[in-house]
Amino acid sequence: MNIHEYQAKEVFRQHGIPVPPGEVARTPEEAEKIAAKYGTGVVVKAQVHAGGRGKAGGVKLAATPKEAREAADKILGMEIKGLTVKVVLVSPAEDIEHEAYLGAIVDRSTGSVVLMASPEGGIDIEEVAAKTPELIYKETVDPRYGLLAHQASRLAYKLYAGDTSRARQAADIIQKLYASMLGAGASLLEINPLITTKSGELKAIDAKMNIDDNELFRRKEIAELRDTESEAEEEVEARAQGLTYIKLDGEVGCCVNGAGLAMATMDLVKYYGGEPANFLDIGGSSSPEKVVTALRIITSDPGVKSILFNIFGGITRCDDVANGIVEATGQIDLEVPITIRLTGTNEEEAVEILEAAGFSAMTDMDEAVQKSVELAKN
Amino acid sequence: MAIFADSSTRVVIQGITGRDGSFHTRQMIEYGTAVVAGVTPGKGGQLFGEKVPVFDTVEKAVQEEGANASVIYVPAAFAGSAICEAADSGVELVVCISEGIPVLDMLRATRYVADRGVRLIGPNCPGMISPGKAKLGIIPGQIVEEGPVGVVSRSGTLTYEVVWALTRAGLGQSSCIGIGGDPVIGTNFIDCLDAFENDPQTEGIVLIGEIGGTDEQNAARYIKEKMSKPVVGFVAGQTAPPGRRMGHAGAIISGSSGTAEEKISTFKENGVEVAERPIDMPDIVKRAMNG
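Now for a look at the structure at hand. (Residues numbered from 1 in each chain as written. Chains lettered and ligands numbered in written order. Predicted model: local features only at pLDDT ≥ 70, side-chain atom pairs only at ≥ 80, totals over all residues.)

Residue and element names in this part refer to chain B. Spatially, the seven strands line up as an open sheet ordered β9-β8-β11-β10-β12-β13-β14, and their pairing is mixed. Unpaired on one side and paired on the other, β9 (134-137) and β14 (273-274) mark the two borders of the sheet. Looking at chain direction, strand β13 (residues 231-236) and β14 are connected through two bridges and run parallel. Bridge pairing in β14 places V232 opposite E273. (Pairing = 2+ DSSP bridges. Helix = DSSP H or I, 4+ residues; strand = E, 2+ residues; numbered from the N terminus.)

Set out below in structure tokens:
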């Protein structure tokens, strides 16, 4: 789960990382009021889950409250990478002397948290990694001991060699960044840029935070930060039912049990000349109710011209899925053809249930995918 | 032979009285696995299915029944700790089926297990099966057949699809290992490749990967450098969009890294043949094993 910059900054603030003040506005008038309150120049920033906000025109400086209103007026409603901006963050503008980068990620290959720092801040870290990898410094945290003080200090001195005042501030921020990661259950944190002001203070003026979805059950206050407005409605509904649904742009709606098989099914749709309309994993133990929800979500996408069920029964019982299909098609007017492939646990019962309801079922995955692609073209 | 588990494996089930645990324990016993004990704190002294003694702790199950492997079905909130308990109790192998475990818990658990020289398979995996010998997890027994092909995969049902295709084509399996779909796991592709290389029963290996991370790329280089037995690959997720978690927590393309394309080309550069479709797998494996 991604959270917005203003939410991530609040997490940082709670952990003692220096962050400039800021408030969110949903209208130009609110932005104007906030700017008037600060009585200084402000920066107005789009709050959307997309990178490259600056390049897209989603970050603007404003010298006066009136300019802040105008900036907010331009940014609110703007589309950035397909996402509509509904909220802006208004913060006092800072005097920037230098921009650095700080980050923390769960590194899969070492099975550890890795902290990263670079004096090349303010630009995408992947760009720095590609052009000047020698300017990215790293510390790997041993999960047995946590982040040790000397590691934070070593990283800080690499960032600000010869400048003990800034290195001490940075070491403190690095410790607090790691604490924020553990505190929020994050899998990625970035401060980009970490600025040095003209008076030599370090501040986090941007914040990015990805929360590990698996943490949400034990962190209610973080789970509440989810912005369902910025997600597709169907994805929100699917999640509520324990399904994973991701909308794509194709025409073959896919309903599959298991994530790997779901991806392989989408790839096969493409292989046979079609485009998948979605990723949908109905999970292991599939009750008929889940199938009903799945079918409702798939059919709500107007781009879907044909529906494909691909079920390999292991724990999932094919008869459960068959019952779900029959139940769902009783509730929903299916306007597009449906192709059903089932094999494995209780396959015979499933075929009987489907045939009694006027459906036919296939057992071969490739044949079923081919058929669903052809049907989508008619 | 087989890898990691065979007929000498004595299994304790953590979470044996739960809904999933009890269902799959019955299936494991039916398959012929030696399930010697169960663990559910607070239910020590009971019998599961009138035969299998239940204990409060894994240590007791090891002491009383000589369990040397554990299979975990406990909910995500307790699974990280269950893994550590198993590793601290004297079993050699821990298979964690549970999904949804916070990755920060897994960072500690994988280190804890490794420090004790214990093998962890999973989490968020279907477990493993050595056909005709032992099933530790949820891979359906009816789709496998004893034979010469080793299978290792990050997926569940996609593995079943490929294994079933192999079985129908007359290609039985030595062991099938589901290593799990999480970003931080215990046993990885290379551990399994190494074990298959040293297993006399295994003549060829099928490796099923997916988007996210660099495990497939590392495996590809390892195959070229260290493996004498043929390996055939498959990578799911060619149509997956970047930045989205495709069901498995680990199946995510970050920036431009971890794409199916990158993995497939790394396999090919290292001389590993890649099947375009799951159905193509049996023919390629046959050819590779005969070549």
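The next thing to look at is the interface of chain A and chain B. If you look at the interface, chain A gives 43 residues, while chain B gives 43 residues. Of all the secondary structure elements, the ones that give two or more residues to the side of chain A that touches chain B are β9 (112-118), β14 (244-247), α9 (259-271), β16 (278-281) and α13 (365-377) of chain A. With 11 residues, the single largest contributor to the side of chain A that touches chain B is α9(A). Residues of the side of chain A that touches chain B, tallied by class, amount to 20 nonpolar, 13 polar and 10 charged. (Contact = placed C-beta atoms within 7 Å. Nonpolar A, V, L, I, M, F, W, Y, C, P; charged D, E, K, R; others polar.)

Here we come to the sheet that holds strand β5 (residues 69-72) of chain B. All names here are of chain B. Spatially, the seven strands line up as an open sheet ordered β3-β4-β2-β1-β5-β6-β7, and their pairing is mixed. Since the sheet does not close on itself, it has two edges, and those belong to β3 (47-48) and β7 (119-121), each with one partner. Sheet topology places strand β1 (residues 10-14) next to β5; four bridges connect them, and they run parallel. Within β5, the residue paired with V11 across the bridge is A69. Along the sheet, helix α1 (residues 19-31) makes contact with β1, β2 (34-39) and β3, crossing β2 at roughly 160 degrees. Packing of helix α2 (residues 58-65) onto the sheet brings it into contact with β1, β2, β4 (52-55) and β5, and relative to β2 it is tilted by some 145 degrees. (Axes fitted to C-alpha atoms, helices over the stretch in contact; angles between N-to-C directions.)

Attention now moves to unusual backbone geometry. Outside of glycine, negative phi angles account for most residues, and trans bonds account for most peptide bonds. In the segment running from A:N192 into A:P193, the intervening peptide bond is cis, with an omega of 10 degrees. A cis geometry characterises the amide bond from B:G122 onward to B:P123, with omega recorded as 10 degrees. Looking at the element boundaries, B:P123 is found in the loop between β7 and β8 (127-130). Look at A:K81: it is not a glycine, yet its phi comes out positive at around 50 degrees. Positionally, A:K81 belongs in the loop between β5 (79-80) and β6 (83-84). Exposure remark for A:K81: the 12 C-beta atoms within 10 Å place this residue in the exposed category. Even without being a glycine, B:N124 presents a positive backbone phi close to 55 degrees. You can see B:N124 is positioned in the loop between β7 and β8. (Buried ≥ 20, exposed ≤ 12 C-beta atoms within 10 Å, placed from the backbone.)

What follows covers the packing of helix α6 (residues 189-197) of chain B against helix α7 (residues 215-226) of chain B. Residue and element names in this part refer to chain B. For the pair α6 and α7, interaxial distance at closest approach is 9 Å and the crossing angle is 30 degrees. Between α6 and α7, the interaxial angle falls into the category roughly parallel. Taking contact as the criterion, the partners of F189, I190 and L193 in α6 are, on α7, D215, E216, N218, A219, Y222 and I223. (Parallel < 35°, antiparallel > 145°, perpendicular 65-115°, else oblique.)

All names here are of chain B. In terms of residue burial, β13 counts as a mostly covered element, since six of its six residues are buried. Burial along β13 is two-sided: the face carrying V231, G233 and V235 and the face carrying V232, F234 and A236 are both buried. What joins strand β12 (residues 204-210) to β13 is α7, and the crossover it makes is right-handed. Taken together, β13, helix α8 (residues 260-269) and β14 constitute a β-α-β crossover, and its handedness is right-handed. (Right-handed = clockwise from strand over helix to strand, strands pointing away.)

All names here are of chain A. With their axes 9 Å apart at the nearest point, α9 and α13 run at an angle of 55 degrees to one another. Overall, the two elements α9 and α13 adopt an arrangement that is oblique. Helix-helix and strand crossings are classified by hand; for α9 and α13 the assignment is right-handed. Here T265, L268 and V269 of α9 come into contact with α13, specifically with D366, V369 and V373. Here the contact of α9 with α13 is composed, by residue class, of four nonpolar, one polar and one charged. (Left-handed = near helix turned anticlockwise from the far one by under 90°.)

By themselves, these figures tell us nothing about what the structure is for.
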